[in-house]
Amino acid sequence: MLADINGNLADLRSEAMASQRFCLRWNNHQSNLLSVFDQLLHDESVVDVTLAVEGQLLRAHKMVLSACSPYFQVRVLPPP
């Protein structure tokens, strides 16, 4: 950290970090992600679409539906 002409500390860390690259390692990424998605669905957190089929309602995540099928990519995501 450096002091500017007014004696205030100037934080140069953000500038230095912008030029650095980081690698994040997440053990068991796939199983953890699936577990979190399942918990979010169970809690109905961030569910943003409801599918209705033969009188049954199913709350779901647009992102997950869109990732699984081009049908939902076209129908549940707004155009860019």
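The present account deals with the structure reproduced in this document. Here the structure is a predicted model, which means the values were calculated and not measured. (Residues numbered from 1 in each chain as written. Predicted model: local features only at pLDDT ≥ 70, side-chain atom pairs only at ≥ 80, totals over all residues. Heavy atoms only, no water.)

Describing the pairing of strand S4 (residues 56-60)
Consecutive side chains of a regular strand alternate in pointing toward one face of the sheet and then the other.
(1) Moving on: Examined bridge by bridge, strand S3 (residues 49-53) and S4 share five bridges and lie antiparallel to one another. Bridge pairing links Ala 52 to Leu 57 in S4.
(2) Moving on: The loop that links S3 with its antiparallel partner S4 comprises two residues; one of these, Glu 54, has a positive phi angle of about 50°. (Pairing = 2+ DSSP bridges. Helix = DSSP H or I, 4+ residues; strand = E, 2+ residues; numbered from the N terminus.)

As for the environment of Val 64
(1) Moving on: Within the secondary structure layout, Val 64 lies in helix H3 (residues 62-68).
(2) Moving on: Classification of Val 64 as partly exposed rests on a relative accessible area of 27%.
(3) Moving on: As a C-alpha pair, Val 64 and Phe 37 span 27 residues in sequence and 8.8 Å in three-dimensional space. (Buried < 20%, exposed > 50% of the residue type's maximum accessible area, 1.4 Å probe, protein only.)

Some points on the side chain of Ser 69
(1) Moving on: With respect to the helices and strands, Ser 69 occurs in the loop between H3 and helix H4 (70-76).
(2) Moving on: Residue Ser 69 is classed as buried on the basis of its relative accessible area, which comes to 18%.
(3) Moving on: Here Tyr 71 takes part through its backbone nitrogen, which lies 3.1 Å from a polar atom of the side chain of Ser 69. (Polar contact = N/O pair within 3.5 Å; in protein donor to acceptor, adjacent residues only side chain to side chain.)

Notes on helix H2 (residues 29-42)
(1) Moving on: The end-to-end C-alpha distance of H2, which contains 14 residues, comes to 20 Å, matching closely the 20 Å that a straight helix rising 1.5 Å per residue would cover.
(2) Moving on: Just past H2, the residue Glu 44 takes up positive phi, approximately 55°. (Expected span 1.5 Å × (residues − 1).)

A few points about the pattern of salt bridges
(1) Moving on: Scanning all chains against the criterion turns up one salt bridge.
(2) Moving on: Across the pair Glu 44 and Arg 59 runs a salt bridge, and its minimum N-O distance is 3.9 Å. Of this pair, Glu 44 sits in the loop between H2 and S3 while Arg 59 is found in strand S4, placing the two residues 15 residues apart along the sequence.
(3) Moving on: Exposure remark for Glu 44: the relative accessible area of 49% places this residue in the partly exposed category. (Salt bridge = Lys/Arg side-chain N within 4 Å of Asp/Glu carboxyl O.)

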